[in-house]
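# Coordinates in review
Given next are the chains, with one letter for each unit.
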Amino acid sequence: MSASSGDAINRELARQGQVYFLHNRVNSIATMRDKIAKLCPKARCLIGHGQMAEHELEEVMHNFVSGAADVLISTTIIESGLDIPNANTIIIDRADRFGLADLYQLRGRVGRAQHKAYAYLMLRAI
């Protein structure tokens, strides 16, 4: 997680939009939420992943769709998710772990409204 990711999140929040932050590691997803909260203290963050109980995940998604949160930190479960027109930025952590077709599918989760969409592909620093 870099300062530039925080800038991207804050830029989307300034447009009153929402952000998908894809972190495809369930064991460290809470740590990533804490890093995002530190970089973007005004961001209201939720976590969603496939190992959550169905009703719990449903509640998370409902809260995100309704605008109760600004950032959804999730695994690839968003690939076949709901259409959320207010989510116009996606940040993909460790994009080098995905194939081109996966990245294209994930990028398609944003940019469905009148606002310009952004997709950020993050790589591990060498």
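Look up: the structure comes first, before these words.
Here's what I pulled together on the structure shown here. Not measured: the values here are computed from a predicted model.

## Describing the overall build of the chain
From N to C terminus, the chain includes four helices and five strands. A compact globule built from 126 residues should have a C-alpha radius of gyration of about 14 Å, and the chain, at 13 Å, falls within 12% of that. For the chain, the residues scored as buried account for 40% of the 126 residues in total. Looking at the chain alone, contacts between residues at least 24 apart form 71% of all its contacts between residues at least 6 apart. Carbon and sulfur atoms provide 51% of the accessible area of the chain, an area that totals close to 7,100 Å². For the chain, the centre of its 15 positive side-chain charges and the centre of its 13 negative side-chain charges are spaced 8 Å apart.

## Structural notes on unusual backbone geometry
Even without a glycine there, the phi angle at Gln 16 is positive, about 60°. Residues other than glycine seldom take positive phi values, yet Arg 94 does so here, at roughly 55°. Within the secondary structure, Arg 94 is located in the loop between strand S4 (87–92) and helix H4 (100–107).

## Some words on the pattern of salt bridges
Applying the stated criterion across every chain yields a total of four salt bridges. Put simply, Arg 44 and Asp 70 hold a salt bridge, and the shortest N to O gap is 2.8 Å. In this pair, Arg 44 is assigned in the loop between helix H2 (29–39) and strand S2 (45–48) and Asp 70 in the loop between helix H3 (54–65) and strand S3 (71–74), connecting sequence segments 26 residues apart. With relative accessibility at 39%, the residue Arg 44 sits in the partly exposed group. Given a relative accessible area of 11%, Asp 70 falls into the buried group.

## Observations regarding the sheet that holds strand S1 (residues 18–22)
Strand pairs in the sheet, formed through backbone hydrogen bonds, run parallel or antiparallel to each other. Pairing is parallel in the open sheet, where five strands are placed in the order S2-S3-S1-S4-S5. Both edges of this open sheet fall to S2 and strand S5 (118–121), since each of them pairs with a single strand only. Geometrically, the sheet is characterised by an average inter-axis angle of 20° between neighbouring strands, direction not taken into account. Of the pairings in the sheet, the one linking S1 to S4 comprises five bridges and is parallel in character. Each residue of the ladder has a partner; that of Leu 22, found in S4, is Ile 92. Packed onto the sheet, H4 meets S1, S4 and S5 and runs at close to 150° relative to S4.

Reading the values: rules and limits
Per chain, residue numbering runs from 1 following the sequence as it is written. Given that the model is predicted, a residue must reach a pLDDT of at least 70 before its local features are reported, and side-chain atom pairs must reach 80 or more before they are shown or counted; all residues, however, enter totals for whole chains, interfaces and linings. Just so you know, side-chain values use all the structure's heavy atoms and leave hydrogens and water out. Put simply, DSSP marks the helices as runs of H or I at least four residues long and the strands as runs of E at least two long, and each gets a number from the N terminus on. In this setup the radius of gyration rests on C-alpha atoms only. A globule is expected at 2.2 Å times the number of residues raised to 0.38. Three exposure classes are used, based on accessible area relative to the maximum for each residue type with a 1.4 Å probe and protein chains only: buried under 20%, partly exposed in between, and exposed over 50%. Whether two residues are in contact is decided by their heavy atoms, any of which lying within 4.5 Å being enough. Here the open area of atoms and residues is found with the Shrake-Rupley method and a 1.4 Å probe, where only the protein chains shown may cover a residue. Under the convention used here, Asp and Glu are negative, Lys and Arg are positive, and both His and the chain ends fall outside the count. Here the site of a charge means NZ on Lys, CZ on Arg, CG on Asp, or CD on Glu. By definition, a salt bridge exists where a carboxyl oxygen of Asp or Glu is found within 4 Å of a side-chain nitrogen of Lys or Arg. Strands were regarded as paired on the criterion that DSSP finds at least two bridges between them. Convention adopted: a line fitted to C-alpha atoms gives each axis, helices being fitted over their contacting stretch, and angles between N-to-C directions are expressed from 0 to 180 degrees.

By themselves these figures say nothing about function.
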